[in-house]
Amino acid sequence: MRKIISVFIAIVLVLSCTGALSACSKKDDGAFTYLLSAGADESFISNYGENPSIKYLLSKEYNGKKLDIDFKTMVAGSEKEQFQTMISTGEYYDILDMAYSGYSIGTLYEMGIAMDLTELINEYMPNYKAYIDSHEDIRMRAYTLVNGEKKMLQIVGCNDDTKNTFEGYMYRRDWIVKYGKNPKTGEPFTGGYGTPKDSNTWTDNVVFPSWYDETNKYAVEYKANHPEWDGTDPVFISDWEWMFGIFEKAFEDLGVTDGYCMSIYYIGAMATGDLYSGFGGGGPLWSKNSDGEVTFNLTNENTKAYLECMRSWYEKGWLDKRFNERSSDMFFKINQEGFYQGKVPMMCIGIGASVSAIDDDNYPLTKGAMILGARMPINDLYGEDSTKGHEPDALYQNSSYSGAVAITTAAENKDLATLLTFMDSLYTEEGSIIGTLGLNAEQYNEIKDSLEKDSDGKNIVEKYDLTGGMYHIKDGSYYSAKEIQNVNYLLQAVVPDRISIGIKKVSGVVEYENKMMQRTQKEWMTYKNTAGILDYTDLLNEEQSKSYNKVNNQINDKISVEFPKFIKGTYNMTTDFETFAKTVNKMGPEKVTKIFKELFNGMK
C-alpha cells in the first residue's frame, strides 16, 4: 500500500513539474511548511515566525544555505480532528508535529506520508544521532520497527537528564512549625518568615521522625544510601502520617470542622503511579524495569498495601469523605477551593501555589502560609516486606521524550540536507541553550531590526525588558529572566520550545530564583519516572493499539468502581480483593503485557 501511494505521489510531482523540473525544485528548495502542536499567544506576536529566537535561528546558514519555514497551527480544541482531516484529504504540510496525530509514525509511513529518514539522519544529523544512541529511553522513541527492521521515521525532542514537572504534592510547612514538636527532644519547632516576608527569608528547624528512628530499617538504609538527606523533608509514609497528626491539631485549634488532611484522585489512585509506586514499585497497571521486563501490578501485593494505607487514612478522617465524587476535578486541582481557603493542608497542585501564594486576608486559615513541596513517599508501614522500602519509580513527570516531528513526502523534492542540518544544530550545546532559554543580548542585537513592532514602536524583547538577554548565568546555573517567569505564556513567544525538537537542557536550568520554589522542584524531582510505560503507547501499531485500548479501558472502568469501595471500607481487603483480582485477570491483561514485552524486546 505504501509503495502504491508513493508511486502515485511521484507521478503527481512529475506531472506538476513536467518540462521544468529544475525550476520546480529551485522554487521549493529551502521553503518548508511546519505544523506546530501549538503556537504562541497572538497577544504577544502575530505568528510563530516572529518569535525572536526563531528569527535568530533562521538568520543563520545551514549546509551553506538559509531556510524559509512557514509555521502553521491548528485551531485550539479540535487539533486531533483537524489532523485527521489533513491526513485524509492528503493536504499535509512538509513537517508535522506528532502531538495530535491519531496515527502512529509507523502507520503514517505505511500510508506513504512519513518519510524514511534513516539515511538522511545518518548523513546530516551527527549530533542528534550521537544523542539518541547514548540514551536508551530516547532511542526507544527514535526508532520504529518496520518488518523487523529498525528505521528512523521521526525526529524526537529530548529533555536532558533531569525532567521538570509543574505539579506535585505540597503541604503547610507553617503548620508543622506552629503545631509540631521535634520527634526526639519534644521541643516545639521554631521558624517563620523574616523581613521582607518572602521565600528567601523563611527558616525553620523542622526534622521529620524517620530521621531519628533507628528501629525503622528502611529509614536507616535510606540514610546510608542518600547522604544528601538531612531529615528536614518527609521521605516515608510514616512521615506523612506524622504530618497528618499535626494537621489534626491545627484543625482543632483553629476550629476547622469541614477540612481534611489530603486530597486524592477520585478513582482512588493515579494511573501514572503517583503515591502508588512507593508501595513496591511501578504503577497500578503495567510498568517496566530497567531491563525492559514488563509486569502487570494491579492484582499483586503492591495494590493491596496501597489500598490498605488509603483505607487507614480514610478511616482516620485524613482523606476527603467525598473524594470519589470529585470526578470533574483535574488531578492537580482536586478541591482547589478548599486548599486556597486553608482547609486542605496537603494536596497535589501546581508550583504556582507554593510559598505564600495562598495567603489571603479573605481566608483567615491561610494567614502566614508556607506551602512547600514533598517528594513521593516510600511505604514503611503497610503490607508485606516486598511492598516496603521501594523508592518510587512511576509518577507523573515530564519524560526524556518531549515530542516528535515527521517529515512528509510533500517535502521529498526539497532541500532536506539543509533542513536536517538546521534541526541537528538544535542538539548542540548552543542550540539547546537557545531552544531552552532563548537569546542572549549579543544574539538579540543581531536580529533586533527584523522584529515586528507594536503600536508603541517596540518589539517584544524591548516591551518586556529582555534586551539584556532572556536568561542569565549565576554560579554555573542558568536562570530565566524574571519577566519570562512572571508573565504567563511569554516563554512560548520568545523561546522556540514549540518546535518539539532539540535538547531541552533542563538539568542546567534553575527555573526559579525563589529558594523555596527551587526546593519544591528538587523534592518533586527526587525520583524519576523510569517504570512508567504510558509514554510508549503511541509506538504500538493499529492492531496492538486496539487490543491495548480495549483491555485498558475495561480495567480502568473496573478500578473506578471498585477502588473507592476498598478505600471506604465497603469491601473486605482479603476475600473481596481475591474476587477483584480474578475478575481483572479475566479481562486479558496478559495480552497487553505480551504486546509491550515484544515492543521493548524488539527495540533493544
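Structural data are supplied above this passage.
Residues numbered from 1 in each chain as written. Predicted model: local features only at pLDDT ≥ 70, side-chain atom pairs only at ≥ 80, totals over all residues. Heavy atoms only, no water.

Attention shifts here to the nonpolar core. Residues W240, M262, W286, W313 and M346 are the most contacted members of the largest nonpolar core, which totals 93 residues. At 9 residues, helix α11 (residues 237–254) tops the list of elements feeding residues into this core. With residues near it in sequence (within four places) discarded, M346 still touches Y169, M170, Y171, W240, M243, F244, F247, C261, M262, S263 and A374. Counting residues in each nonpolar core, the second largest holds 62 residues, with L67, C158, V405 and I434 among its members. (Core = buried A, V, L, I, M, F, W, Y, C linked by side-chain atoms within 4.5 Å. Buried < 20%, exposed > 50% of the residue type's maximum accessible area, 1.4 Å probe, protein only. Helix = DSSP H or I, 4+ residues; strand = E, 2+ residues; numbered from the N terminus. Contact = heavy atoms within 4.5 Å.)

Further remarks concern the pairing of strand β16 (residues 477–480). Pairing of strand β15 (residues 471–474) with β16 involves 4 bridges; the strand directions are antiparallel. When the sheet's bridge partners are listed, Y471 is paired in β16 with S480. Linkage of β15 to β16, two consecutive antiparallel strands, is achieved through a turn of 2 residues, within which D475 is found at a positive phi near 55°. (Pairing = 2+ DSSP bridges.)

The strands making up a sheet are joined through hydrogen bonds of the backbone, oriented either antiparallel or parallel. The strand order across the open sheet built from 3 strands is β12-β7-β13, with neighbouring strands paired in antiparallel fashion. Sheet topology places β12 (346–350) and β13 (371–373) at the edges, where each strand pairs with a single neighbour. Strand-to-strand twist in this sheet, taken as the mean axis angle between neighbours without regard to direction, amounts to 45°. Docked against the sheet, helix α20 (residues 515–524) engages β7 (167–172), β12 and β13, running at close to 35° with respect to β13. (Axes fitted to C-alpha atoms, helices over the stretch in contact; angles between N-to-C directions.)

Another point: the packing of helix α21 (residues 542–567) against helix α22 (residues 575–585). Running from amino to carboxyl end, α21 crosses α22 at an angle of 175°, the nearest separation of the two axes being 11 Å. With respect to α22, the axis of α21 lies roughly antiparallel. Taking contact as the criterion, the partners of I555, K558, E562, F563 and F566 in α21 are, on α22, D576, F577, F580, T583 and V584. A breakdown of the residues in the contact of α21 with α22 according to their chemical character gives 6 nonpolar, 1 polar and 3 charged. (Parallel < 35°, antiparallel > 145°, perpendicular 65-115°, else oblique. Nonpolar A, V, L, I, M, F, W, Y, C, P; charged D, E, K, R; others polar.)

As enumerated under the stated definition, the model contains 19 salt bridges in all. Here K55 and E50 are joined by a salt bridge, their closest N and O atoms 3.7 Å apart. Residue K55 is classed as partly exposed on the basis of its relative accessible area of 22%. For E50, a relative accessible area of 16% puts it in the buried group. Overlapping salt bridges, with partners in common, bring together D116, E149 and K151 in one network. (Salt bridge = Lys/Arg side-chain N within 4 Å of Asp/Glu carboxyl O.)

Attention now moves to the sheet that holds strand β3 (residues 95–97). Taken in spatial order, the 6 strands of this open sheet run β2-β1-β3-β14-β6-β17, and their pairing is mixed. A single partner strand is all that each edge strand has here, and the edge strands are β2 (68–72) and β17 (503–504). For strand β1 (residues 31–35) and β3, the ladder comprises 2 bridges, and the chain directions are parallel. The partner of Y34 across the bridge, within β3, is I95. The strands touched by helix α7 (residues 126–133) within the sheet are β6 (155–159) and β17, with β6 carrying the most contacts at an inclination of about 65°. Helix α14 (residues 416–425) contacts β1, β2, β3, β6 and β14 (401–407) of the sheet and is inclined by roughly 175° relative to β14.

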